[in-house]
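# Chain and residue survey
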Amino acid sequence: MWRRATKSSLFLRLLKPSKHNASLSQSSTNGFPFHIHTHTHFQEKHGIFSKEVAPFITFVLGGPGSGKGTQCAKIVETFGFNHLSAGDLLRREMDSDSEYGSMILNTIREGNIVPSEVTVKLILREMESSDNHKFLIDGFPRSEENRIAFEKISGVEPHMVLFFDCPEEEMVKRLLSRNQGRIDDNIDTIKNRLKVFEALNLPVVEYYAKRGKLYRINAVGTADEIFEQVRPAFEACEVAK
Ligand SMILES: Nc1ncnc2c1ncn2[C@@H]1O[C@H](COP(=O)(O)OP(=O)(O)O)[C@@H](O)[C@H]1O
Ligand SMILES: Nc1ccn([C@H]2C[C@H](O)[C@@H](COP(=O)(O)OP(=O)(O)O)O2)c(=O)n1
Ligand SMILES: [Mg+2]
């Protein structure tokens, strides 16, 4: 039986909650972006992944513009998850006075992937300060390096992985009309994001397919139609309801 983490749980008493304007570099104490914890050390220190407060983790994958963020909003509304978008966390870090701001900006502008350690640290910081134990981790892991870094640092694996399968031309059409003022929603960056997706993210999708954790969803149709394919994945899982 999963137990909900509460404000009074040990790990939250040990940790400072994340401040939305705090940057990774501000929280660094050793000149390195962050402390890498071994699996055991991390569990002992933070306790977030101890059995009593074990999180329920769903990774949400799909190409750029496949509808990950849109479907995550629906999952949050229906099933009460905490939605952590790796892209949003990186953009927030970029807009803070983090010393990694320009590196993140350049990487996103080119459509490449930010070093895993930075992204993993941002995700784990959010998880540590959350009193919800059900997490949707959107846009992560985007590479085998991302996946392995998360597993190594946190010592946990996702319970399930959603994959929004969408044709490239549909993704391009959606990205070019997203209108959120993003520096990476232009045709040149989109072309590279699609290449990076195919080269680096599809191997992660296949990895989870082989482990029987993947829910492949046809991402063409209205958002409501797509959500009707998503819903059963959560309804089938007692802990996620
Ligand atoms: N099923 C859909 N059909 C058409 N447009 C969609 C659909 N789902 C999302 N969109 C739109 O496509 C764009 C990309 O969606 P988003 O959820 O941000 O995708 P991702 O997070 O995978 O990049 C947004 O403008 C969104 O409103
Ligand atoms: N795990 C991740 C997630 C995103 N990023 C960077 C690189 C991505 O192109 C951008 C934007 O990611 P985001 O998930 O917001 O993009 P989409 O929702 O797929 O359009 O952020 C990353 O480097 N590593
Ligand atoms: Mg998104």
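The name given to the chain in an unreviewed UniProt entry is UMP-CMP kinase, and the organism recorded there is Flemingia macrophylla. Annotation of the chain in UniProt includes, under Subunit (unreviewed entry), the sentence "Monomer." As its UniProt record puts it under Function (unreviewed entry), the chain is described as follows: "Catalyzes the phosphorylation of pyrimidine nucleoside monophosphates at the expense of ATP. Plays an important role in de novo pyrimidine nucleotide biosynthesis. Has preference for UMP and CMP as phosphate acceptors."

A separate point is the sheet that holds strand β3 (residues 134-138). If you trace the 5 strands from one edge of the open sheet to the other, you get β2-β3-β1-β4-β5, paired in parallel fashion. The open sheet is flanked by β2 (82-85) and β5 (214-218), the only strands paired with a single partner. Averaged over all pairs of adjacent strands, the angle between their axes in this sheet comes to 20°, without regard to strand direction. In the sheet, strand β1 (residues 56-62) pairs with β3 via 5 bridges, with the strands oriented parallel. Within β3, the residue paired with F59 across the bridge is I137. With respect to the sheet, helix α10 (residues 187-210) is in contact with β1, β4 (160-165) and β5, its orientation differing from that of β1 by roughly 140°.

Further remarks concern the site of ligand 1. Close to ligand 1 lie 14 residues, the nearest being G65, K68, T70, R178 and G221. In the environment of ligand 1, an oxygen atom lies 2.5 Å from a nitrogen or oxygen atom belonging to the side chain of T70. Separating a nitrogen atom of ligand 1 from a backbone N or O atom of G221 is a distance of 2.8 Å. Protein chains bury 74% of the 550 Å² of accessible surface belonging to ligand 1 in isolation. More than half of the atoms belonging to ligand 1 lie within 2 Å of the grid points that define the largest pocket. If you list the elements that add at least two residues to the shell around ligand 1, you get α4 (68-79) and α11 (223-235). Counting residues per element, the shell around ligand 1 draws most heavily on α4, which supplies 3 residues. The residue inventory of the shell around ligand 1, partitioned by class, reads 3 nonpolar, 8 polar and 3 charged.

Let's shift gears to the site of ligand 2. Neighbouring residues of ligand 2: 19 residues in total, closest K68, R91, V114, R142 and R193. Here an oxygen atom of ligand 2 and a backbone polar atom of V114 are 2.7 Å apart. Between ligand 2 and the protein, one listed contact pairs an oxygen atom with a side-chain N or O atom of R142 at 2.8 Å. Starting from 520 Å² of accessible surface for ligand 2 in isolation, the protein chains cover 96%. When each cavity is represented as a set of grid points, ligand 2 is found to reside in the largest pocket. Looking at the shell around ligand 2, the element that brings in the most residues is helix α5 (residues 86-95), giving 4 residues. Residue composition of the shell around ligand 2, grouped by class: 7 nonpolar, 5 polar and 7 charged.

Counting 32 residues, the largest nonpolar core has F59, I104, I123, M127, I137, F140 and F150 as the members making the most contacts within it. When contributions to this core are tallied by element, the ones reaching two or more residues are β1, α5, α6 (101-110), α7 (116-128), β3, α8 (144-154), β4 and α10. Here I137 is in contact with I57, T58, F59, V60, L84, I123, M127 and F150, once residues within four sequence places are set aside.

A negative phi holds for most residues other than glycine; trans holds for most peptide bonds. Following F140, the chain continues to P141 via a peptide bond in cis, the omega torsion being -5°. Looking at the element boundaries, P141 is found in the loop between β3 and α8.

About the criteria used
- Residues numbered from 1 in each chain as written.
- Chains lettered and ligands numbered in written order.
- Predicted model: local features only at pLDDT ≥ 70, side-chain atom pairs only at ≥ 80, totals over all residues.
- Heavy atoms only, no water.
- UniProt positions renumbered as here; feature names shortened; annotations may be inferred.
- Pairing = 2+ DSSP bridges.
- Helix = DSSP H or I, 4+ residues; strand = E, 2+ residues; numbered from the N terminus.
- Axes fitted to C-alpha atoms, helices over the stretch in contact; angles between N-to-C directions.
- Contact = heavy atoms within 4.5 Å.
- Near = heavy atom within 4 Å.
- Polar contact = N/O pair within 3.5 Å; in protein donor to acceptor, adjacent residues only side chain to side chain.
- Areas by Shrake-Rupley, 256 points an atom, 1.4 Å probe, with all protein chains shown as cover.
- 1 Å grid on protein atoms, 1.4 Å probe; cavity = no way out; pocket = protein on both sides within 12 Å on 5 of 7 lines; lining within 4 Å.
- Sits in = over half its atoms within 2 Å of the grid points.
- Nonpolar A, V, L, I, M, F, W, Y, C, P; charged D, E, K, R; others polar.
- Core = buried A, V, L, I, M, F, W, Y, C linked by side-chain atoms within 4.5 Å.
- Buried < 20%, exposed > 50% of the residue type's maximum accessible area, 1.4 Å probe, protein only.

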